[in-house]
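Okay, here's what each chain looks like letter by letter:
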Amino acid sequence: MPTSEYYLLTGATSGIGLEVAAWLAQSRPNSFIVVGARRPDLANTLRQRVPADRLLILELDTASLDSVKVFAGSVRAFLAGRKCAGLALNAGIQIVSGDRYSVDGFELTFATNVLGHIALFEHLRSEMGQSATVISTASGTHDPAHKLARPYKFFGGRFPSVSDVAAGKVSDSNDEAQKGRDRYATSKLCNIMFSYAMARHYPAGELRFVAFDPGLMPGTELARDQPAAMRFAWKNVLPTAAKLIDGASTPQRSGAMLAQLLIGERLPLETGLHVEFTGNEIPSSELSHDQTKQDELVNWARGLAIATR
């Protein structure tokens, strides 16, 4: 069967991104998957789960605007006028060990999880097909009222200004781990704000934007910056306990749902959604609906992307 669907994924070498790629490979035999990875040479599991003739892995560091630009150019050259059916902006990190900054001088969590993805969309929006879906990976940690996030010391995202967010100035805590959690929650707030803003700016039927909450997912690589004891529990203990926790999921379950949203199998006619791993639309924080702050974020990030062209 000839290839007719092109999907572009970030963060697809592990976790839910890997499961999205595997689901597409198995369930959509006419799909071709383009993946951006910081270390393509280490993407062995991805290569094992997606046929080689339907997979292209290109180097991408979403924390670097230059890397995003080069990656987008390579994708554009590969597509050669063909269009993407879906874009999953899934790469993400959580840093709890102190201040770290990108090569462009921005707080690394924000640069990786937010800025690089908005810039990537800006570079590739003309390569998106009619009614293509753009999904940003969100998290319940963005919401100060989220009952599952609070026990893990996530108290919601903050957005004093886009310059403050980009500098990592979103926490009142002196504790490095807490500052990291606050920055992570804020990055996920920004991902939701991006989806809402884009849905307002693109007519229904032209492009479709979804913010996806994969739920609590122990066992993934998200805790790689945590202390050794926490990493061990996250990898080996909590995945079993999570089966009993309302709001917890697995990479397989969440990845399958994200993929179904990406291809338009779930909620195909709606845009500007915040959807969880069950496939149900769920509320997001009051702050995420602030259109002035949405536009402040998107316009600032798009301006940086345009400047690198």
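Small disclaimer: the values here were computed from a predicted structure and weren't measured.

Conventions adopted
- Residues numbered from 1 in each chain as written.
- Predicted model: local features only at pLDDT ≥ 70, side-chain atom pairs only at ≥ 80, totals over all residues.
- Heavy atoms only, no water.
- Helix = DSSP H or I, 4+ residues; strand = E, 2+ residues; numbered from the N terminus.
- Buried < 20%, exposed > 50% of the residue type's maximum accessible area, 1.4 Å probe, protein only.
- Contact = heavy atoms within 4.5 Å.
- Expected span 1.5 Å × (residues − 1).
- Phe/Tyr/Trp six-rings, centres within 6.5 Å; stacked < 30°, edge-to-face > 60°.
- Axes fitted to C-alpha atoms, helices over the stretch in contact; angles between N-to-C directions.
- Parallel < 35°, antiparallel > 145°, perpendicular 65-115°, else oblique.
- Left-handed = near helix turned anticlockwise from the far one by under 90°.
- Core = buried A, V, L, I, M, F, W, Y, C linked by side-chain atoms within 4.5 Å.

S.K.: When you look at the side chain of threonine 137 in this model, what are you seeing that I'm missing?
M.R.: Position of threonine 137 relative to the elements: it lies in strand 5 (residues 128-137). A relative accessible area of 6% places threonine 137 in the buried class. Excluding residues within four positions of it along the chain, threonine 137 makes contact with Ile16, Leu89, Asn90, Lys188, Asn191, Phe212, Pro214 and Leu258.

S.K.: For this particular structure, what's the right way to read helix 9 (residues 251-262)?
M.R.: Because an α-helix completes one turn every 3.6 residues, residues spaced three or four positions apart along the sequence face the same direction. Given a rise of 1.5 Å per residue, twelve residues ought to cover 16 Å, and the 16 Å separating the end C-alpha atoms of helix 9 matches this to within 8%. Counting buried positions along helix 9 gives ten out of twelve residues, so the element sits mostly inside the fold. Taken as a whole, helix 9 has its buried residues at Pro251, Ser254, Gly255, Ala256, Met257, Leu258, Ala259, Gln260, Leu261 and Leu262. On its buried side, helix 9 packs onto strand 1 (5-10), helix 1 (15-27), strand 4 (84-89), strand 5, strand 6 (207-213) and strand 7 (273-276). A positive backbone phi angle near 85 degrees is found at glycine 264, which sits one or two residues after helix 9.

S.K.: Where do I start with the environment of valine 34 in this structure?
M.R.: Inspection of the secondary structure assignment puts valine 34 in strand 2 (residues 31-37). What makes valine 34 buried here is its relative accessible area of 3%. When the C-alpha positions of valine 34 and leucine 9 are compared, they lie 6.3 Å apart, and in sequence the two are 25 residues distant. What valine 34 contacts, discounting residues up to four positions off in sequence, is Tyr7, Leu8, Leu9, Leu56, Leu58, Val75 and Phe78.

S.K.: For this particular structure, what's the right way to read the packing of aromatic side chains?
M.R.: By convention here, two paired aromatic rings are described through the distance between centres and the angle between planes. As enumerated under the stated definition, the model contains eleven aromatic pairs in all. Ring geometry for phenylalanine 121 against phenylalanine 209: centres 5.6 Å apart, planes inclined by 80 degrees, an arrangement best described as edge-to-face. Of this pair, phenylalanine 121 sits in helix 4 (residues 108-124) while phenylalanine 209 sits in strand 6, and the two are 88 residues apart along the sequence. Seen from their ring centres, phenylalanine 194 and phenylalanine 209 are 6.2 Å apart, and the 90 degrees between their planes marks the pair as edge-to-face. Taken as a pair, phenylalanine 194 in helix 6 (residues 176-201) and phenylalanine 209 in strand 6 lie far apart in primary sequence, 15 residues in all. Just as phenylalanine 194 is buried, phenylalanine 209 falls in that class too. Ring pairing ties together the aromatic residues Phe121, Phe194, Tyr202 and Phe209, which thus form one cluster.

S.K.: Mind showing me how you'd approach the packing of helix 4 against helix 10 (residues 291-307) here?
M.R.: When two helices pack together, their arrangement is captured by the angle between the axes and the distance separating the axes. At their nearest, the axes of helix 4 and helix 10 sit 9 Å apart, and the two run at 70 degrees to each other. For the element pair helix 4 / helix 10, the angle class is roughly perpendicular. Our pair here, helix 4 against helix 10, has a crossing hand that is right-handed. Across the interface between the two elements, Phe110, Val114, Leu115, Ile118, Ala119, Glu122 and His123 of helix 4 pack against Leu297, Trp300, Ala301, Arg302, Leu304, Ala305 and Ile306 of helix 10.

S.K.: Just checking my understanding: could you explain the nonpolar core for this structure?
M.R.: Proteins that are soluble and globular tend to have nonpolar side chains buried together. Counting 51 residues, the largest nonpolar core has Phe121 and Leu297 as the members making the most contacts within it. With ten residues, the top contributor of residues to this core is helix 4. For leucine 297, the contacting residues outside a window of four places in its chain are Phe110, Val114, Ile118, Phe159, Val162, Cys190, Met193 and Phe194. Ranked by size, the runner-up nonpolar core spans 33 residues in total, among them Leu9, Val20, Ala37 and Leu273.

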